[in-house]
Structure formats: C-alpha cells, structure tokens
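A look at the structure
Read off the chains here:
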Amino acid sequence: MKAVVVAPGQAGSGRLQEVPDPTRRSGEVLVRVHEIGIDGTDAEILEGQYGEAPPGDDYLIIGHESLGRVETVTDGAEDLAPGDWVVAMVRRPDPVPCRNCAAGEWDMCLNGLYTERGIKGLHGFLAEYYVEQQRYLVKLPGELAAVGVLLEPLTIAEKAVDQIQRIQSRLVWEPKRAVILGSGPVGLLAAILLRLQDLDVHVYDRAGPGPKSALVEAMGAHYIWAEKRRLGHKLANEIGPVDIIFEATGYSPLAFDAIDTVAPNGIVCLSGVSGGGRRLEVSADHLNLELVLGNRVVFGTVNANRRHFESGARHLNEIEARWPGLLPRIITARLPIEQFAEGVLRGPNDVKKVVEVAPITVSGAIDGDERT
Ligand code: BGC
Ligand code: ZN
C-alpha cells in the first residue's frame, strides 16, 4: 500500500512510497484511511527533530490525526462493523506498565516508555490502511464524518478542560471568562468548548483581522490582536477578571505573561510544545508573589485518553447543532496524498490542513454506506 514515511532524525526524508500491507491478528480491525490532519508535531518529525521508527524498521509512517472506516473485523472485535467511521487514539500504554498506564490513563504515563502511533515507536495512519485493536478505536456517527478528522486535536482541548475542572474542584469555582492564546486548531477548538459552556471567551492571536478572527466571532467569542494589545494585568483590567488562560501557541514567554494576567484563584493551562532553547529574564519575585497571594495554578497537559475521545465525539455533535457550518471552516485545506508536504506550510489564514487519502462518500447506494 501507499504510505507517507520518514527516516526519523533526517530532515527532508519524508516521501510517499510503497510499504507492506498491515497484517491483522485476532481482536484487530482493518481500517481504510480517509483523512489525516497535519500538525506541528508532524512538521517537527518531517524536519528531523522528533519521531522514532518502530523497532526493526528504518522508517516511520507518519500521521496521528485520523479518520477512517472499518473495512473488516476479526473475532474478538465484534463491537465494530464494516462501514463504521472510526478515529484512532494516538498513545499506547508503556510495557511495564506504570500505575497510570495500567489504569488506562496512558496520557499520564510516568516512565516515558509509552509509544505513540505516527510519532514514537509505532507506525502512524498516513497510509491507505491501518490495523488496530478495537479498544483503541472510537466510533463516530456518519453525520460527523466531514469533521471527524478534528476529533484528535479536539481531545487535546477536552483533556485540558477536564483537568481544569478537576483541579479547580479545590474551591468554589464559577468561571466567567477565558483567554485562549493562539488561533491554531487546538486553540480554536478549546475556545469552542468553553463557548459551549457559555463562558466569555477571548482569543489572543497574532494573525490579525481575517478569516480566523471571523471564525472566533462566529462562535460568539472576542478576538484580541496581539499586535495591538500586550498580554498582562492591564489587559485583564480592560476585559475583566480572567479565570482561565489556555496557552496553545508554544511561544514560551506567553506562559509568564499569562501568570501576570490570570485572576486570583484562576488557572493557566499550558499545552503548546516549545522545542527550542529560548531564554528569558522574568520578574521571579513578582510572579511567585502573584501565584502565592492569588492561589493561582499553572499546569501542563499533553495527549488524551479514551474518555476525552468519547466526550469529544459528543461535543462535535453539540457544536454542529449550535453553530452549523462552524467546524468545517477549521479545515482550511484538503490535499491529495502526493502533496502531503504542503500540509506543514502554514499561511496566516490556515488553520487545519488535511491530507485526503480517500474521499468521504456521503450517500449510499453504491458502496453500502449506511448514512441516511
Ligand atoms: C499529539 C499528541 C501527542 C503529542 C506529543 C501531539 O501532536 O496530538 O497526542 O501526545 O503530540 O507527541
Ligand atoms: Zn506509563
């Protein structure tokens, strides 16, 4: 079958090539791939900065944001049926396993020996087919197929919101306002999730007026152009006390400005990955004092587990019902597999670029699609 592979560690080694078809064991499901979203992690892997081939292979099939359709099931995988739309989870528990992986919370792995499909030690999904155990697949209703590829990035936001709620159970918590840093897919999806909870949401971003600010306004949130206003306590004086700040840019200095912006008892959630070596002079006494005297929390979050995929699938439905046509606007390009490399090039108006491996068919007579 055709697959997009890299030689991990080698910049520019990404290529489309023939690889052996995946083999199926009992309990596994063969999935035909339809769409694969490309993100910053894929960009780093293609640049040779990240990524690890499976043991015994000298290449890694990339792709971890997937949407596919069950082709065949084996014994022991009867919860799924041919034709079902599915999204695969990304991380797999470490082999030890640590206590968190043993409890199904591999997103909280303690020893770093977890694997991730398309990223770390396991082949990904940017190929014609993949094989997976049923327990790592999440079923989506056919009505959500057109936006199903957004489920994996949405789970990053789902986990963040879930963690925020759990952490804030430390106090009487009635959040009113959130600031999202960055208008990439994860930032926008987090903004939508918090809008679903009717929070006053502000998206702070550097792109400026254009399709992204229009998207923010379409969900009833406010767009703040970073070029015009600096993040910090002055901003909070203007818009009102900020209970939640969600960082989704990976530009690490913003993490410190966020501490200086968030209200007493508020929470700063960091999700952006910063692979560089940036150094910064900070007002350490001031930030320490703000954290202590304001009972503020700062925490980091990565990946997601099954319950976040399940809540994400429910929320996709709710978002479609409340803002019809909003989610499809997050997918700003669909590329043929030969043009996968364009997926990492991001213009100011791009949000999520997707590789279309096989088109999503909506009506059914011919291929037996069960959608009505
Ligand atoms: C993926 C996560 C993964 C992380 C680190 C992200 O792009 O969405 O599932 O845990 O990269 O490898
Ligand atoms: Zn673990």
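This write-up is about the structure you can find in this document.

Calculation criteria
Residues numbered from 1 in each chain as written. Chains lettered and ligands numbered in written order. Predicted model: local features only at pLDDT ≥ 70, side-chain atom pairs only at ≥ 80, totals over all residues. Heavy atoms only, no water. Near = heavy atom within 4 Å. Polar contact = N/O pair within 3.5 Å; in protein donor to acceptor, adjacent residues only side chain to side chain. Areas by Shrake-Rupley, 256 points an atom, 1.4 Å probe, with all protein chains shown as cover. Buried < 20%, exposed > 50% of the residue type's maximum accessible area, 1.4 Å probe, protein only. Helix = DSSP H or I, 4+ residues; strand = E, 2+ residues; numbered from the N terminus. Pairing = 2+ DSSP bridges. Right-handed = clockwise from strand over helix to strand, strands pointing away. 1 Å grid on protein atoms, 1.4 Å probe; cavity = no way out; pocket = protein on both sides within 12 Å on 5 of 7 lines; lining within 4 Å. Points joined across faces, edges and corners; volume = space filled by probe spheres on them. Nonpolar A, V, L, I, M, F, W, Y, C, P; charged D, E, K, R; others polar.

**Concerning the site of ligand 1**
- The immediate surroundings of ligand 1 are formed by D39, T41, Y50, H64, V90, R91, E116, I119, E152, I156, V302 and N303.
- Take D39: an N or O atom from its side chain is 2.8 Å from an oxygen atom of ligand 1.
- Between T41 and ligand 1, the recorded distance is 2.5 Å, taken from a side-chain N or O atom to an oxygen atom.
- For ligand 1, whose free accessible area comes to 310 Å², the fraction covered by protein is 90%.

**Observations regarding the pairing of strand β17 (residues 297–300)**
- Residues V297 and F299 line the buried face of β17, whereas the alternating positions V298 and G300 sit on a face that is not buried.
- In terms of strand pairing, strand β16 (residues 267–270) meets β17 through 4 bridges, oriented parallel. When the sheet's bridge partners are listed, V268 is paired in β17 with V298.
- What joins β16 to β17 is helix α8 (residues 284–293), and the crossover it makes is right-handed.

**Some details on the layout of surface pockets**
- Its volume calculated, the second largest pocket comes out at about 600 Å³.
- Lining the second largest pocket are 24 residues, with R25, R117, L122, H123 and V131 sitting closest to its centre.
- Broken down by element, the residue count for the lining of the second largest pocket peaks at 5 residues, all from strand β10 (residues 129–133).
- Looking at the lining of the second largest pocket residue by residue, the class counts come to 13 nonpolar, 4 polar and 7 charged.

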